[in-house]
Amino acid sequence: MWAAAAAAQGVGTPLVFVGCPILRNTDLPCWLGESGGELYYLGPQGDLTADFYPPQFRHKMLVEGVVSGGPRICGGIVLKPVRVSVLPDLDINCNIMLPAAAYADPPHDRGTGPSGARGGTPAPPPARTQPIQFTAPFKPQTFTAVFNVDSERLWQPAQTAITTAARFANAAGASRIEITGYRAAIRLSNGQDYVESQAVAESRAKAVEQALRTIGVPARTKITVRWQRAAIASHDLDQNLQARRTSILVLP
Amino acid sequence: MLHLGLQAASQSMLPSVLRVGRHRALRRPLGLGAAALLTAVANAWAQSPEASFVRSTQPGAIGVISGQTPSQITQADRAPIAPAAIAPAASTEGYSGWWNPGNGAELGASSEFDDPAGKIGLINATGPIDTKGHPFFEPIGRNGRACVSCHQPANAMSVSVAAIQDRWQATAGKDPLFAAVDGSNCPSAAQDQEASHSLLLKHGLFRIFLPWPPKAADGSSIAPEFDLEVVSDPTGCNTDPVYGLHSANPQVSVFRRPRVVANFKYVTYGYGAAFNIKDGSPMERDPESGQFVNMNIMADAREPTPKTQATNAALTHLQAATRPTDAQLQRILDFENHLYVAASVSRLGGKLTDAGGPDGLGPAAMLNGAPGLGDNFYKPVFGYFDQWATPQSDDAQSLFRASVARGMEVFFTRPFYIRDVTHLNTVGLGNPIKRSCATCHNARLTGMDLAPGWMDLGTANLPWSDDLPMTAELPLFKLTCRPSNRPHPYLGRVIYTHDPGRALITGRCLDIGAIIMQQFRGLAARAPYFSNGSAATLRDLVDYYDKRFEANYTEQEKQDLINFLGVL
């Protein structure tokens, strides 16, 4: 059945679905998801330096990916790029581990033990990107912090946006910062909408405010925090991310 | 429609960043009216027009005083102080190696003390310490205790339950160690009864009393995400009319082991990151220097720095009438920051620092080593043990050393599924993750977590704590996450716990039962283990992990792990 469904999916097709994560118990585990009777490969177990952050048992996930060509991995059609959001409510049924069977380990950078290899040479640290230097004259500038679905957790992209906004505010001696939180109504591939909780726009805005205050902005800066009650309807992958954002408008 | 929240506020409403010497009010000795003074000072700061990056409305400290300290002082002031405890004996009689407060002895530049598995070694990087008049060793409070009371050199700078029991016998329970404030099950209990000190005598647990709801740095209350009820209260302290949850000064009592006060360059090591890699929240700052701290000290990171910790400990555990002076605090920190501890001799493995042996053993390794991430093959957590891997003969020492080397490999590389651990499986690694002990215990030479190290291992929360029979002697709380907040990621909205851990500081459901892991050095000298003393032996500890994570260790693997842990 899965093979037949796979044939119906064209390479490059966006796929957005909600479901339980599935773990294939290969030596190095791989993560899968199921939609419309088809099995999709999401990524390998990795570490925090990887692009792919795996889902979690006991929670459903919302998967946003693009059907990729190439051979299946761990029995699943490869989604790449792929973004996985862990949904907040518990679901004890999300506890699905498949046997390794005859499947090989997925491609991976790190095994189940410590990183690197004995006798090897540590990889050089990633080149540090120089932060943008803000210089006068200053004009109002908006920074955008993006979030996973139904979450106000500040992952690296949001942290970078907040840090950059704080740097700009300090360089410009900002008089005001306007923080506005949003939430999304995400169109799934099955035609239904996943609507983020009403509270999450507010939570996102407040999380950004707290982080900005901790990092530090000028004493004179007045911060206002707003959130939009109505969910922003979104029908494609790029829009999805922008719809679940918090904007940080810094006014010199 | 845009909704304008109630959060619009000027930065000028926040307190100014605190610099040493700037705010004289806090540099005064802290008297018995400290709570009122601190509240007034915090309120004054809240009106300061200066720039700020201290989150006064979040957990933390202002100056050297953390948000919870004033209410803790109020409770400590209520606890009786036994007359007999004021004048401790000036000898070291009784338990071998027991260090009495104020005994005036010298602590050498290098020392060794017997422990059940061999010897524990200490190195003072600054040379011998004359403890006469030294605030770490003198009873600077009102109950006869000093810092050294609970951080004994012979016990790897913690205190073992064996030593505690010996002190009870040697002093008929009069040692200041058993002070009513936290060396008994509750200050209201009959202090001359052994049963009133049962958690300390049986499991090495001291009472930690924390305000409920939690306090922010400025002393204001943090709105918790959950309701807290007492389900059972074997010690009676959580339901006590004076000391309990419904008293005039509401406090939650939990019971925890003292931590090792040594090897601090590792314990306080951090990247200076602005965001917590575990949950994305902003990190706390040192309230004096303004630098980000690593949030990895104590069981719950409630104190941002060793300096605020020492201040709080003097005012609560030692029941000091005034806060330590700046000079005293500096001497305490100088001592702590230059003290290194590790096992030095193994009864079965011989001298651990023999030339050509593993380079991660002994206190000199701690002195000479550097902190960092050890969950890699380049600089393993405790180094390699190849030198011992192949027995040179079939004598007991060689065989034991080979077992230790295998134990290191089990610790470092043996995979099992780690699941349902908040602040590990929730950080982006996935749940479950197939990894080894070193995934969490990843910090060089200590085996702590290099990141803010609080995790819910399950030793405090049901159902996993049910595998630790002694937890029946601890209070049990029912925590119900409010509908407006997210549930605990793996336990849902209703959680039963013996110690809410970090959640008593943040009020967050995410943090329920999360406790900072401890360093591995000197384990043999300071049983029992885990924050709640629930593992009496290293075997108990290994068995817990084996069951909790279905690791299916063989008997040989278990013994190898125990032998490895015992020589650290």
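Here, the structure is the one placed above.
Each value, and the rule that gives it
Residues numbered from 1 in each chain as written. Chains lettered and ligands numbered in written order. Predicted model: local features only at pLDDT ≥ 70, side-chain atom pairs only at ≥ 80, totals over all residues. Heavy atoms only, no water. Contact = heavy atoms within 4.5 Å. Buried area = accessible area lost by both parts, 1.4 Å probe. Polar contact = N/O pair within 3.5 Å; in protein donor to acceptor, adjacent residues only side chain to side chain. Helix = DSSP H or I, 4+ residues; strand = E, 2+ residues; numbered from the N terminus. Nonpolar A, V, L, I, M, F, W, Y, C, P; charged D, E, K, R; others polar. Axes fitted to C-alpha atoms, helices over the stretch in contact; angles between N-to-C directions. Parallel < 35°, antiparallel > 145°, perpendicular 65-115°, else oblique. Left-handed = near helix turned anticlockwise from the far one by under 90°. Salt bridge = Lys/Arg side-chain N within 4 Å of Asp/Glu carboxyl O. Buried < 20%, exposed > 50% of the residue type's maximum accessible area, 1.4 Å probe, protein only. Pairing = 2+ DSSP bridges.

(A) Just the interface of chain A and chain B, in detail. On the chain B side, the residues contacting the 64 residues of chain A number 60 residues. With both chains or domains summed, chain A and chain B bury close to 5000 Å², and 53% of this area falls on carbon and sulfur atoms. The largest per-residue losses of area from chain A upon contact with chain B belong to Pro114(A), Arg118(A) and Thr214(A), which jointly make up 14% of the total buried on that side. On the surface where chain A and chain B come into contact, there are 22 residue pairs in polar contact (both at pLDDT 80 or more). Contributions of two or more residues to the side of chain A that touches chain B are made by strand S2 (21-25), strand S6 (77-90), helix H2 (156-172), helix H3 (200-215) and strand S12 (222-228) of chain A. Among the elements that make up the side of chain A that touches chain B, the one with the highest residue count is H3(A) (8 residues). Each residue belonging to the side of chain A that touches chain B can be placed in one class, and the counts come to 26 nonpolar, 24 polar and 14 charged.

(B) Region of interest: the packing of helix H9 (residues 306-316) of chain B against helix H10 (residues 326-337) of chain B. Residue and element names in this part refer to chain B. The N-to-C vectors of H9 and H10 enclose an angle of 120°; their axes lie 10 Å apart at closest approach. When the axes of H9 and H10 are compared, the pair comes out oblique. Regarding H9 and H10, the two cross each other, and that crossing is right-handed. Contact residues: Pro-306, Lys-307, Ala-310 and Thr-311 in H9; Leu-329, Ile-332, Leu-333 and Glu-336 in H10.

(C) Here's a closer look at the pattern of salt bridges. According to the stated counting rule, one finds 38 salt bridges over all chains in the structure shown. In this structure, Lys60(A) engages Asp91(A) in a salt bridge whose closest nitrogen and oxygen atoms are separated by 2.5 Å. Of this pair, Lys60(A) sits in strand S5 (residues 59-67) while Asp91(A) sits in the loop between S6 and strand S7 (96-99), and the two are 31 residues apart along the sequence. Overall, Asp91(A) belongs to the buried group, its relative accessible area being 14%. Measuring nitrogen to oxygen at the nearest pair gives 3.4 Å for the salt bridge that ties Lys558(B) to Asp546(B).

(D) Summary view of the pairing of strand S17 (residues 476-481) of chain B. All names here are of chain B. By the bridge criterion, 6 bridges tie strand S10 (residues 226-232) to S17 in an arrangement that is antiparallel. What sits directly across from Ser-232, in S17, is Leu-476. Pairing of S17 with strand S18 (residues 494-497) involves 4 bridges; the strand directions are antiparallel. Its bridge partner being in S18, Phe-477 is matched across the sheet by Thr-497.

(E) Highlighting the environment of Thr439(B). By the secondary structure assignment, Thr439(B) is in helix H15 (residues 437-440). Since its relative accessible area comes to 7%, Thr439(B) is described here as buried.

(F) Here's a closer look at the sheet that holds strand S12 (residues 339-346) of chain B. Residue and element names in this part refer to chain B. One open sheet holds the 4 strands; their spatial order is S6-S7-S12-S13, and the pairing between them is antiparallel. In the strand order of this sheet, the two ends are held by strand S6 (110-115) and strand S13 (350-351), each with one partner. Pairing of S12 with S13, which is carried by 2 bridges, proceeds in the antiparallel orientation. Counterpart to Val-345 in the pairing with S13 is Lys-351.

(G) Spotlight on the sheet that holds strand S1 (residues 14-19) of chain A. Residue and element names in this part refer to chain A. Across the sheet, which stays open at both edges, the 7 strands sit in the order S1-S5-S6-S4-S3-S2-S7 with mixed pairing between neighbours. Strands with a single pairing partner mark the edges of an open sheet, and in this sheet they are S1 and S7. Each strand axis lies, on average, 35° off the axis of its neighbour in the sheet, ignoring direction. Where strand S4 (residues 38-44) lies against S6, 2 bridges are found, and the strand directions are parallel. Paired with Tyr-40 across the two strands is Ile-77, which belongs to S6.

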